[in-house]
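# Architecture and fold: a report
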Amino acid sequence: MGVLERRSDSIPAGEPGGWRAFLGEAREWAEGKSWLVRLPLLLYLAYALFRHLTVDDYGSWFAALSLGIHELGHLVFSFLPFFFVALAGSATEVVVPLIGMVFFLRQQDFFGLAVLGCWLSYNLFGIARYIADSRDQFGVYVTVGGGEAQHDWEYILSTLGLLNQDKAIGGLVWLLAAAVGFIAVGWGAWVLLIMANFKRTR
């Protein structure tokens, strides 16, 4: 029996058994924790997702932080060729939430995964809007240190010969953002449901 338990624990997370083990760990973590404390945050995350889905230029509570991270990405990688500097802003908006998700996963904060997943979704919505605006450039853009702002994705897509596809590429990123958002909110709701059910059956 002990051998079987050790084998189960060692199943990689990518395999079906690993996924079942992951869900089991999430259930164990959620049991006994307060769902009421986390419910307002989840409701806001769901509301922000709805607004991103229905309003093109909506900015959530995360927007200012995401903008700062975007500009920081440009600064940190400013030593690279300009193509990669332009790409670094949006890339950093994706990488930072992913790093946060890895951190929460290592800490076994399974509700935190939902929060960071929603943040990633909101950033992807912003990136999708940015990409789709490459030719029109209707948005208002900022740059660190002043001066005329460079539209990152106009430069990136022009360099790749894909500028005429800006709307299509932006649309694909929008769909990815929506999928990530639904998964994150659904995951958060499932975690809170486990917490609530444990309270009722205790």
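Here we take up the overall build of the protein chain. In terms of helices and strands, the protein chain carries 8 helices and 0 strands. Accessible surface computed for the protein chain: about 11900 Å², of which carbon and sulfur atoms make up 65%.

Moving on, we come to helix H6 (residues 110–132). Across its 23 residues, H6 extends 33 Å between first and last C-alpha, which sits within 8% of the 33 Å expected from 1.5 Å per residue. Summarising burial for H6: 21 of the 23 residues are buried, a large majority. Here H6 starts with a cap whose side-chain oxygen sits 3.4 Å from the backbone nitrogen of Phe-111, and that cap is Asp-109.

Let us now look at the environment of Ile-99. Structurally, the position occupied by Ile-99 is in helix H5 (residues 82–107). Separated by 17 residues in the primary sequence, Ile-99 and Leu-116 have C-alpha atoms spaced 9.2 Å apart.

Our next topic: the layout of surface pockets. One water molecule sets the probe size; rolling that probe over the atoms shows where empty space is left. Taken as a whole, the second largest pocket spans an internal volume of roughly 260 Å³. Considering the residues around the second largest pocket, the lining is formed by Trp-19, Phe-22, Met-101, Leu-105, Leu-113, Ala-114, Gly-117, Leu-120, Val-180, Ile-183, Ala-184 and Trp-187. Across the lining of the second largest pocket, the residue classes break down as 11 nonpolar, 1 polar and no charged.

Moving on, we get to the confidence of the model for the protein chain. Per-residue pLDDT for the protein chain has a mean of 86; in total, 84% of the residues score no lower than 70. Overall, residues 1–12 carries pLDDT values under 50, and its contacts beyond four positions in sequence, including any with other chains, amount to 3 contacts.

As a further point, take the pattern of salt bridges. According to the stated counting rule, one finds 3 salt bridges in the structure shown. Arg-135 serves as the salt-bridge partner of Asp-166, at 2.6 Å between the closest nitrogen and oxygen. Taken together, the positions of Asp-166 in helix H8 (residues 166–201) and Arg-135 in the loop between H6 and helix H7 (152–160) put the pair 31 residues apart, joining distant regions of the chain. Residue Asp-166 is classed as buried on the basis of its relative accessible area of 0%. The partner of Lys-167 in a salt bridge is Asp-136, and the shortest N-O contact between them spans 3.0 Å. Placement of Lys-167 in helix H8 and of Asp-136 in the loop between H6 and H7 is noted, with a sequence separation of 31 residues between them.

Moving on: the nonpolar core. Core analysis: the largest hydrophobic core is formed by 44 residues, its most contacted members being Phe-110, Trp-187 and Val-191. Elements with a minimum of two residues in this core: helix H2 (16–30), helix H3 (35–54), H5, H6, H7 and H8. Among the elements that take part in this core, H6 stands out by supplying 16 residues, more than any other. Trp-187 has contacts with Phe-22, Leu-23, Ala-26, Phe-110, Leu-113 and Ala-114, leaving out every residue within four places of it along the chain.

Another aspect to go through is the environment of Val-85. When you line up the elements, Val-85 lands in helix H5. Along the primary structure Val-85 and Asp-152 are separated by 67 residues, whereas in three dimensions their C-alpha atoms are 8.6 Å apart. Residues in contact with Val-85, not counting those within four places in the same chain, are His-74, Phe-77, Ser-78 and Leu-80.

Before going further, it helps to examine helix H4 (residues 63–76). Along its 14 residues, H4 runs 20 Å from first to last C-alpha, staying within 8% of the 20 Å computed at 1.5 Å per residue. For H4, every residue scored as buried is listed here: Ser-66, Ile-69, His-70, Glu-71, Gly-73 and His-74. Where the residues of H4 are buried, they touch H5, H6 and H7.

Interaxial distance between H3 and H6 falls to 11 Å at its minimum, and their mutual angle equals 20 degrees. It follows that H3 is roughly parallel to H6 by the angle criterion. Of the two possible hands of crossing, H3 and H6 adopt the one that is left-handed. Contacts between H3 and H6 involve Arg-38, Leu-41, Leu-42, Tyr-44, Leu-45, Ala-48, Leu-49, His-52 and Leu-53 from the first element and Phe-111, Val-115, Cys-118, Ser-121, Tyr-122 and Phe-125 from the second. Considering only residue class, the contact of H3 with H6 consists of 12 nonpolar, 2 polar and 1 charged.

About the criteria used
- All chains use their own residue numbering, which begins from 1 and follows the written sequence.
- Under the rules for a predicted model, residues below a pLDDT of 70 receive no local features and side-chain atom pairs below 80 are neither given nor counted, while totals for whole chains, interfaces and linings still include all residues.
- Side-chain metrics rest on all non-hydrogen atoms present in the structure, leaving aside hydrogens and water.
- Helix and strand definitions here come from DSSP, where helices need a minimum of 4 consecutive H or I residues and strands a minimum of 2 consecutive E residues; each element is numbered from the N-terminal end.
- Accessible surface area values rest on a Shrake-Rupley calculation with a 1.4 Å probe, where residue burial reflects the displayed protein chains alone.
- What a helix should span is 1.5 Å times the count of its residues minus one.
- Three exposure classes are used, based on accessible area relative to the maximum for each residue type with a 1.4 Å probe and protein chains only: buried under 20%, partly exposed in between, and exposed over 50%.
- N or O atoms closer than or at 3.5 Å make up a polar contact, with two conditions inside protein: a donor-capable atom paired with an acceptor-capable one, and, for residues adjacent in sequence, both atoms drawn from side chains.
- Using a 1 Å grid laid over the protein atoms alone, points where a 1.4 Å probe fits but cannot get out form a cavity; open sets with protein on both sides within 12 Å along at least 5 of 7 lines form a pocket; any residue with an atom within 4 Å of a point counts as lining.
- Grid points are joined across faces, edges and corners, and a volume is the space filled by probe spheres set on the points.
- Side-chain classes are defined by residue name, with Ala, Val, Leu, Ile, Met, Phe, Trp, Tyr, Cys and Pro counting as nonpolar, Asp, Glu, Lys and Arg as charged, and the others, Gly among them, as polar.
- Across the chain, each position has a pLDDT score giving the predictor's confidence in that residue, from 0 to 100.
- Any two residues whose heavy atoms approach within 4.5 Å at even a single point are treated as in contact.
- Within this document, salt bridges are pairs made up of a side-chain nitrogen of Lys or Arg and a carboxyl oxygen of Asp or Glu, the two lying within 4 Å of each other.
- By nonpolar core we mean a set of buried residues, namely Ala, Val, Leu, Ile, Met, Phe, Trp, Tyr and Cys, connected to one another through side-chain atoms within 4.5 Å.
- For helices, the axis comes from a line fit to the C-alpha atoms of the stretch in contact; other axes are also lines fit to C-alpha atoms, and the angle between any two N-to-C directions lies between 0 and 180 degrees.
- Here the word oblique covers every angle except those under 35 degrees (roughly parallel), over 145 (roughly antiparallel) and from 65 to 115 (roughly perpendicular).
- Each crossing gets its hand from how the near helix is turned against the far one by less than a right angle, where anticlockwise is left-handed and clockwise is right-handed.

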